[in-house]
Structure formats: C-alpha cells, structure tokens
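Structural features, examined
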Amino acid sequence: MMFRPIVCAAMLIPLPALAESVTVVDAWVPMAPPTAMAHVAYITLQNDGTEPRVLTGVNADGYAMSHLHESRETEGVATMTMLHQIEIPPGSILMMKTGGLHIMLMRPEAPIAEGDLITLSLTFANDETVTVDAPVKARDAES
Amino acid sequence: MRAVVIAIGVWVASSLAVAAQVQGVELDTPEPIPEFSLSDQDGQTFTPDDLEGNWTVIMFGFNSCPDVCPFTLGNLEHAISETAMRVRPDNVPNVVFVSVDPDRDAEVVSDYALYFHPEFLGVTGARDQIDTLVEATDSFYRLMPPDSNGYYEVQHSSAVSVIDPEGNLRAKLQPPFDAGLTAEFLARLQIAYRREKS
Ligand SMILES: [Cu+2]
C-alpha cells in the first residue's frame, strides 16, 4: 500500500537514495533481555527499479558482527542459516519478520533500551550502501 | 522418535480459522521423566522433584536466538496468562526454559527467562544432564560447527513438553502457541488427567 506514494515521490524529487531504486520502508530492533548475546533487526526493502537488487551484507554499529540470517522450521526443528545474499526482484518488497529472514546482530557492546537507534549499513551487490537508523521497540509493537 | 503410541489432536477455534489452531500431541501412555539435575545461574537445582505436585511446561532453546526463541517465550507467556484465567492457581504450569548451550548461557540463563515472565525459570547444566531431559521429552538439539570467529548456531526442537504433576511427559505442543487455544488445550489436558486419577 506504500508503493504508489513512494513511486510518485521518486518521480517528483529525485533524491540520490531513491535514484538507486531501493528504499528502506521499515526497520526496527525488538527489545531483548539485557544479557542477550545476540539481537535481531527486521527491515522492509522496496525495489522500485527495473533490475533485481541483491543485498549482500549488513554492518551494525555497536555489534561485533552482523549477518543475514534465515530461520526455518523443518520437521519440528528450528534452525538458523546464514545467507550470503538476498535478492529483491524489481517491483517487489522484501519484508523481514520473526521466523524467517532477519538480520542477526551479534555480541552487542551494550544492552539496548527502547527508543535507541541502531545504525545499519546495508551493502548491495553493486557496492551501493544504504544506511538506516532502526529504532528499538517492544516486541509487542510488531505487526 | 521413540515407539510411543500418540494421538494427534488438533483443536480448531472455528472451521474458518485454519491459521489459528493449536497442535497438541497427547501421549497415549504418559512417559516418566528419569533422574536429571540442572540448575539456574545461581546454582539453584532443577530436578524431577520440581516436577512433583505441579504442571510444568519445558522449552529447549539457547540465548543467542533472538529471532525465534523470544517469539516462542513471548507467546508462551501470553498462553500461560490465558491458562491462569481458566484453571485453579495451583494448576497454572511452571514454565522452564532449558538452554542447550551451557557454554555461552550458564551465567545468564535465568535472567533470560525472567525477562519474559517474572516466574519463568531458566536452567542449564552438564551436557549429559541436558541430554537426559532432551531424550526423555523426545526432543532434539544439535550444536553446529563453529565458524572462523568461533560463533556457532544451535538447532533445537520447536515443540514444548507438558509434564503432569507426577513427573510424566503427557503432551507436546507445537508453536505458534496461540494463547486462547493453548490455554484450552492445557485445561482439557488437566481435566482428562483428573478424570483418569479419580
Ligand atoms: Cu539468526
């Protein structure tokens, strides 16, 4: 439903980020127990371009490592696998959410609090980098 | 899977609500939980004695699981609150989070569980003790090989185990643990248990 307004904005105001055709529609980090050694970020990306875009990596301020991950449940067993890339076909939206694609933020330097902003730098296959500040929110605030 | 005969029960809220169903697997023959000893981060033990006289829900996981485990624990929290409205206070199950990753979690496992509910218990322990409980509940986990940074993933069963007040495994519940339907399942399970005992 966000699709149309953003396309219009892109035509009227050719901002550099929009010229690259991938937009971060949403980004957030759910609150986590203070002792958690890994956090997670969920982002929604929209590809308004005519070419497929490939997300190849993430860097998050305040974490030792960040990986693209996918959770899966196979025959009652929950697994997480690291992905080396995620393709976003032209005209499509990639929405990360619990139990599927996510950004795994490992070894936080400090506990997080609601309202904190986690800066994520997303790297794409064409070497483009898109930066977004993901707010920390209560997990119930999802949906 | 051990060779136990199980009856699969699917409770559906309405014929339309396909997504909103709880999948409970009730064992035909309850399986006793053997001796084991785990402990919380302060050294407080968790043994079969703690299963006596109250219902217990056991979930396996690990703390470095920010995507699925918090979702499961959050849903379980809602489900247990809902159950508390339907059963007598002393029949509200204790929820125990068992970390299968003691190397990373032993110091913080209780804090992790408490974050989701002030009465959730978080325990872990020696590998053979974890394995005893995993096997007794027909559960599964596997530590994956570490990467070049020493970081490793953990695979684990997503189902939780329901233990009756005599320390017998009586049912398994599959996620997503819809609050109302899970409460309904647990309440029915308790009624069936009391009927069996009377
Ligand atoms: Cu992950």
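Described below are features of the structure shown in this document. Just so it is clear, the structure is predicted and the values come from calculations on it, not from any experiment. (Residues numbered from 1 in each chain as written. Chains lettered and ligands numbered in written order. Predicted model: local features only at pLDDT ≥ 70, side-chain atom pairs only at ≥ 80, totals over all residues. Heavy atoms only, no water.)

**Side note on the overall build of chain B**
Assigned secondary structure in chain B consists of 5 helices and 11 strands. Classification of the 198 residues of chain B by burial places 52% in the buried group. Pairs at least 24 apart in sequence give 66% of the contacts found in chain B among residues at least 6 apart. Summed over its atoms, the accessible surface of chain B is roughly 8800 Å², and 52% of this surface lies on carbon and sulfur atoms. (Helix = DSSP H or I, 4+ residues; strand = E, 2+ residues; numbered from the N terminus. Buried < 20%, exposed > 50% of the residue type's maximum accessible area, 1.4 Å probe, protein only. Contact = heavy atoms within 4.5 Å. Areas by Shrake-Rupley, 256 points an atom, 1.4 Å probe, with all protein chains shown as cover.)

**Brief notes about the coordination of the copper ion**
Coordination angles at a metal have ideal targets, namely 109.5 degrees for four tetrahedral donors and 90 or 180 degrees for six octahedral donors. All names here are of chain A. Summarising the metal site, the copper ion is bound by the protein donors His69 (ND1), Met80 (SD), His102 (NE2) and Met104 (SD), whose distances to it range over 2.1 to 2.4 Å. Geometry at the copper ion is tetrahedral, judged from the 4 donor atoms that bind it and their angles of 100 to 116° at the metal. Between consecutive donors of the copper ion, the numbers of intervening residues give the motif H-x10-M-x21-H-x1-M. Taken together, the positions of His69 in strand 4 (residues 63–74) and Met104 in strand 8 (residues 101–108) put the pair 35 residues apart, joining distant regions of the chain. Each member of the pair, His69 as well as Met104, carries the same accessibility label: buried. (Donors = N, O, S within 2.8 Å, 3.2 Å for Na, K, Ca; no water. Tetrahedral: all angles 85-135°; square planar, octahedral: opposite > 155°, others 65-115°.)

**Quick notes on the state of the cysteines**
Residues and elements named next belong to chain B. Enumeration according to the criterion identifies 1 disulfide over all chains in this entry. Paired through a disulfide, Cys65 and Cys69 show a sulfur-sulfur distance of 2.2 Å. Classification of the bridge connecting Cys65 and Cys69 rests on its S-S torsion, roughly 90°, and on that basis the disulfide is right-handed. (Disulfide = S-S within 2.5 Å.)

**Some thoughts on the pattern of salt bridges**
Residue and element names in this part refer to chain B. Tallying each qualifying case throughout the model produces 10 salt bridges over all chains. Across the pair Asp101 and Arg104 runs a salt bridge whose closest N-O atoms are separated by 2.6 Å. Owing to a relative accessible area of 19%, Arg104 belongs among the buried residues under this scheme. For Arg170, the salt bridge goes to Glu196, with nearest N and O atoms at 3.1 Å. Of this pair, Arg170 sits in strand 11 (residues 168–174) while Glu196 sits in helix 5 (residues 179–197), and the two are 26 residues apart along the sequence. We classify Arg170 as buried; its relative accessible area is 5%. Taken together, the shared-partner salt bridges in this structure form one network comprising Glu82, Arg86, Glu184 and Arg188. (Salt bridge = Lys/Arg side-chain N within 4 Å of Asp/Glu carboxyl O.)

**Details of the nonpolar core**
Ranked by size, the top nonpolar core spans 56 residues in total, and within it B:Ile33, B:Leu38, B:Phe46, B:Ile58, B:Val98 and B:Leu133 carry the most contacts. If we skip the residues at most four places from it in the chain, B:Phe46 touches B:Phe36, B:Ser37, B:Leu38, B:Ser39, B:Leu51, B:Ile58, B:Val96, B:Leu121 and B:Val123. Listed in part, the 34 residues of the second largest apolar core include A:Trp28, A:Ala36, A:Tyr42 and A:Ala134. (Core = buried A, V, L, I, M, F, W, Y, C linked by side-chain atoms within 4.5 Å.)

Shape descriptors only; they carry no functional weight alone.
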